[in-house]
Amino acid sequence: MLQLGRKSVNNIANCLHIYTLFFSSQMASNSIYSPLIATIFLLLILGGEARDPFACDPKDTNTKNLPFCRASLPIRARVKDLIGRLTLQEKVSLLVNNAAAVPRLGIKGYEWWSEALHGVSNVGPGTKFGGPFPGATSFPQVITTAASFNATLWEAIGQVVSDEARAMYNGGVAGLTYWSPNVNIFRDPRWGRGQETPGEDPVLAGKYAAGYVRGLQGMDGNRLKVAASCKHFTAYDLDNWNGVDRFHFNAQVSKQDIEDTFDIPFRMCVKEGNVASVMCSYNQVNGVPTCADPKLLKKTVRGQWGLDGYIVSDCDSVGVFYANQHYTSTPEEAAADAIKAGLDLDCGPFLAVHTQNAVNKGLLKEGDVDGALVNTLTVQMRLGMFDGEPSAQPYGHLGPTHVCTPAHQELSLEAARQGIVLLKNNGPSLPLSSRQHRTVAVIGPNSNATVTMIGNYAGIACGYTSPLEGIERYAKTIHEVGCAKVSCNDDDDKQFGRAIDAARQADATVLVMGLDQSIEAETVDRKGLLLPGLQQDLVSKVAAASKGPTILVLMSGGPVDITFAKNDPKIKGILWAGYPGQAGGAAIADILFGTANPGAKLPMTWYPQRYLENLPMTNMAMRSSQSKRYPGRTYRFYNGPVVYPFGYGLSYTHFIHTIASAPKVVPVHLAGHHRGNSSNISNKAIRVTHTRCSKLSISLHVDIKNIGSKDGTHTLLVFSAPPSGNGHWAPHKQLVAFEKVHVAAKAQRRVQINIHVCKFLSVVDRSGTRRIPMGEHSLHIGDIKHSLSLQAVTLGIIKS
């Protein structure tokens, strides 16, 4: 007779319903789930219990009454009790990602390294697909999702990813600690990992970080659904360029650029997202490895920002700064430097191998090791890993039926629709018409892409809809790749003829071109910004021959110089799809045929190829220098020609803005005592620390009217330009707020925008001090401007 789990009796009552739901919603299609119907059905009947507990098994009489196993006690007391029971050897074995078991205390081994950049991934060893979990929902790559400028969407994606992560943890095939998101600034357009980031703007990156982390971690007080990690701290944005790699790079960064560019997303991730972890990077910053720098880790991340969690190294970073960067002369010194700097966990074996010797040699105190364990064990307890039976805990009900659900897959499709940017629409020629464009030539190396659509740090998707498959839902297609691979070399040009013939026969032509992970990826930085190989030649020849309108669709993480296509009258429309996720082909087709109205904006500047002429990737300076012929970086500091600017994107309708109400004068009350009166300081930039920031916020009301004939979602971007005369302190302009607003055709909506003055209207001087310039600031919303005067108000005598 079968021995049923405690929940099996209840499960049997629901099995037929669940079986029917699964079969009808997913398995009847060509889903990867089809071969697993019987397996999952039996699991539902026979396998009702969740995985065995990580620790504190209620059946273990030796441990269940120990204080660290009592969920009713404060976590701080439980952690203290547990650490007090560990030997030094056991403590050291817990300092690495594949933390060892402590059998005498009922603690099993744990793999800390899992990834969930845009869906549960199998990049880290903590997650394995197979059996009842053959895949997980794969959302668009982060750069695409960021283009939506939709903070609500980012949090919703995080909630779905954490549902699936918890389900897989309950099934014994995943962890609860996910080293995502990547919130580094997309500083240089050649960076191969720029695709993983939310783009070039620090405020956009920070808001993305906070929203996605909230979705992942949940909002259940101190309890964590999963534990996220914002990476890679800091000034990390070079992998392998011109003989310089990330393992040897010393980023020379000014205090000014650290404060107002590189650190902003991490600060927002910690302070607004309450992230449970921060990962330090491989590179050095101003001569010190980030994972060995107490000013960065202890003073900034934990001290100033108040991280409530653990700090982890990028994988083998401690070994790298010893063996590659030769920062210390012995491995024991490297282990001691890292832990004393504030590192709590090592991705890699280094600390497990060398920490005990560091203690024995007097380089490190056992109390320092205890301090690291306090941070990691606290996070595990917040996750419920010491609370016994997992199925009885919050999220314990999640299982295979909660992964790749129809709702999750629909959200992935919607995210792709919201992230696709319309760059050109002459005529307008888009959207295409199923009645007028009955035959469509679908051409290009990415025209039938599947895995390419999900970018890097991805897992196994629930299923894929390629661009060709998406377009086939609307029209008859003639398919020719033109180039077999995105490299599109001389061997491919023999296929050009078939592609040209297809364009001559069709009512419309869609070219799906661009990049993939062979061109841009981790460890692979791009050499230039043009389309690879003979792609441009193929596009131009096909467009010249096309009977109907030619539409260019680009898949890429980084920007591409497509000036030729922008200026070619035969190319009527251009879409940038980024890497649009598992349903990317369906989303592209929905945009092309008007089922969805594009509303995304570029999260990074698209530069011309000549921008790179005097721009080594190793130069970290954000600001331009005329004397050095250095152009500056990102829209905030570069003022030269572009292919498409940051924040650019078209729609199938037209929106106009009107500022309904906005203050013209904002008093800035100064705290403390300062010699002089307001007339002496009215034209200065006042230190943020000298102002009463807590309630210093301004509110705008903006009317958005859709004067077109189609319903649409408008991305409202608000930029601020500081008063002139701030020298080299200030950016040309900076993003201070954004909102996503759906407006029906011919309708109007009013939106309230709140701008925190100290956070968003401040600038950073050369010494790294954040200041609020007094005087006239200019707010830019679309093509309208509003002047706003900040005026200092002294409440007493103030000391400078």
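Residues numbered from 1 in each chain as written. Predicted model: local features only at pLDDT ≥ 70, side-chain atom pairs only at ≥ 80, totals over all residues. Heavy atoms only, no water.

- Naming follows an unreviewed UniProt entry, where the protein appears as Fibronectin type III-like domain-containing protein of Crotalaria pallida.
- Quoted verbatim from the Subcellular location (unreviewed entry) field of the UniProt record, the comment on the protein reads "Secreted". (UniProt positions renumbered as here; feature names shortened; annotations may be inferred.)

**Here's the deal with the overall build of the protein**
At step 1: For the protein, the helix and strand inventory stands at 23 helices and 27 strands.
At step 2: Whereas a compact globule of 800 residues would reach a radius of gyration of roughly 28 Å, the protein reaches 28 Å, a difference of no more than 12%.
At step 3: In terms of principal-axis extent, the alpha carbons of the protein reach across some 85 × 80 × 50 Å.
At step 4: Within the protein, the proportion of its 800 residues that are buried is 61%.
At step 5: Within the protein, contacts between residues separated by at least 24 positions form 77% of all contacts whose residues are at least 6 apart in sequence.
At step 6: Between the centroid of the 78 positive side chains of the protein and the centroid of its 64 negative side chains there is a distance of 7 Å. (Helix = DSSP H or I, 4+ residues; strand = E, 2+ residues; numbered from the N terminus. Rg over C-alpha atoms; globule rule 2.2 N^0.38 Å. Buried < 20%, exposed > 50% of the residue type's maximum accessible area, 1.4 Å probe, protein only. Contact = heavy atoms within 4.5 Å. Lys, Arg positive; Asp, Glu negative; His and termini not counted. Charge placed at Lys NZ, Arg CZ, Asp CG, Glu CD.)

**Quick look at the pairing of strand β13 (residues 476-480)**
At step 1: Examined bridge by bridge, strand β12 (residues 439-443) and β13 share five bridges and lie parallel to one another. Note that in β13 the partner of Thr439 across the bridge is Lys476.
At step 2: Taking the sense of rotation as the criterion, the β-α-β connection linking β12, helix α16 (residues 467-472) and β13 turns out right-handed. (Pairing = 2+ DSSP bridges. Right-handed = clockwise from strand over helix to strand, strands pointing away.)

**A few points about the side chain of Thr234**
At step 1: Inspection of the secondary structure assignment puts Thr234 in the loop between β3 (230-233) and β4 (240-241).
At step 2: In this structure Thr234 touches Ile258, Phe262, Asp263, Phe266, Ser281, Asn283, Val285, Thr290 and Leu296, once residues within four positions along its chain are discounted.

**Considering helix α7 (residues 202-217)**
At step 1: Between its first and last C-alpha, α7 extends 22 Å over 16 residues, near the 22 Å set by a 1.5 Å rise per residue.
At step 2: Most of α7 is tucked away: 14 of the 16 residues are buried.
At step 3: Sitting at the amino-terminal end of α7 is Asp201, which places a side-chain oxygen 3.0 Å from the backbone nitrogen of Val203. (Expected span 1.5 Å × (residues − 1). Polar contact = N/O pair within 3.5 Å; in protein donor to acceptor, adjacent residues only side chain to side chain.)

**Considering the sheet that holds strand β22 (residues 734-743)**
At step 1: Here five strands make up an open sheet; going across it, the order is β18-β27-β26-β21-β22 and the pairing mixed. Among the strands making up the open sheet, the edge pair consists of β18 (665-669) and β22. Between one strand and the next, the sheet's axes are offset by a mean angle of 25 degrees, whatever the strand orientation.
At step 2: Bridging between strand β21 (residues 712-721) and strand β26 (residues 775-781) involves four bridges; their strand directions are antiparallel. Residue pairing across strands places Ser720 opposite Leu779, the latter belonging to β26. (Axes fitted to C-alpha atoms, helices over the stretch in contact; angles between N-to-C directions.)

**Points about the layout of surface pockets**
At step 1: Taken as a whole, the largest pocket encloses approximately 1200 Å³ of empty space.
At step 2: In this structure, the largest pocket is lined by 42 residues; those nearest its centre are Glu259, Asp263, Arg267, Gln304 and Gly768.
At step 3: Ranked by residue count, the leading element in the lining of the largest pocket is helix α10 (residues 295-304), at five residues.
At step 4: When grouped by side-chain class, the residues that make up the lining of the largest pocket number 17 nonpolar, ten polar and 15 charged.
At step 5: Put simply, the second largest pocket is a space of about 820 Å³.
At step 6: Taken together, 34 residues form the lining of the second largest pocket, with Lys601, Gly647, Tyr648, Gly649 and Gly782 sitting closest to its centre.
At step 7: Of all the secondary-structure elements, those providing two or more residues to the lining of the second largest pocket are β17 (655-661), β21 and β26.
At step 8: Take the lining of the second largest pocket: its biggest share by element is six residues, from β21.
At step 9: Taken together, the residues of the lining of the second largest pocket sort by class into 15 nonpolar, 16 polar and three charged. (1 Å grid on protein atoms, 1.4 Å probe; cavity = no way out; pocket = protein on both sides within 12 Å on 5 of 7 lines; lining within 4 Å. Points joined across faces, edges and corners; volume = space filled by probe spheres on them. Nonpolar A, V, L, I, M, F, W, Y, C, P; charged D, E, K, R; others polar.)

**Regarding the packing of aromatic side chains**
At step 1: Throughout the structure, instances matching the rule amount to 27 aromatic pairs.
At step 2: Arranged with centres 5.4 Å apart and planes meeting at 80 degrees, the rings of Phe149 and Phe738 form a pair that is edge-to-face. Of this pair, Phe149 sits in the loop between α5 (142-146) and α6 (151-170) while Phe738 is found in strand β22, placing the two residues 589 residues apart along the sequence. For the pair formed by Phe149 and Phe738, the shared burial category is buried.
At step 3: Relative to Phe266, the ring of Phe233 has its centre 5.1 Å away and its plane inclined at 70 degrees; by these criteria the two rings are edge-to-face. (Phe/Tyr/Trp six-rings, centres within 6.5 Å; stacked < 30°, edge-to-face > 60°.)

**Considering empty space enclosed by the protein**
At step 1: Under the counting rule described, the total for this entry stands at five cavities of 30 Å³ or more.
At step 2: When its volume is computed, the largest cavity comes out at roughly 80 Å³.
At step 3: Top element by residues in the lining of the largest cavity is helix α14 (residues 366-382). It accounts for four residues.
At step 4: Counted by class, the lining of the largest cavity contains nine nonpolar, two polar and no charged residues.
At step 5: Of the pockets and cavities examined, the second largest cavity occupies roughly 60 Å³.
At step 6: Lining the second largest cavity are Pro53, Phe54, Arg166, Tyr169, Leu176, Leu383, Gly384, Met385, Gly388, Pro390 and Gln393.

**A look at the nonpolar core**
Most often, soluble globular proteins keep nonpolar side chains buried together rather than apart.
At step 1: In terms of nonpolar packing, the biggest core is built from 118 residues, with Phe68, Trp179, Val275, Phe386 and Leu735 touching the most fellow members.
At step 2: The biggest single contributor to this core is α6, with nine residues.
At step 3: Dropping the residues within four chain positions of it, Val275 is found in contact with Val213, Gln217, Ala228, Ser229, Cys230, Cys269, Val270, Leu307 and Asp308.
At step 4: Ile143, Val421, Leu552 and Ala589 belong to the second-largest nonpolar core, a separate cluster that totals 87 residues. (Core = buried A, V, L, I, M, F, W, Y, C linked by side-chain atoms within 4.5 Å.)

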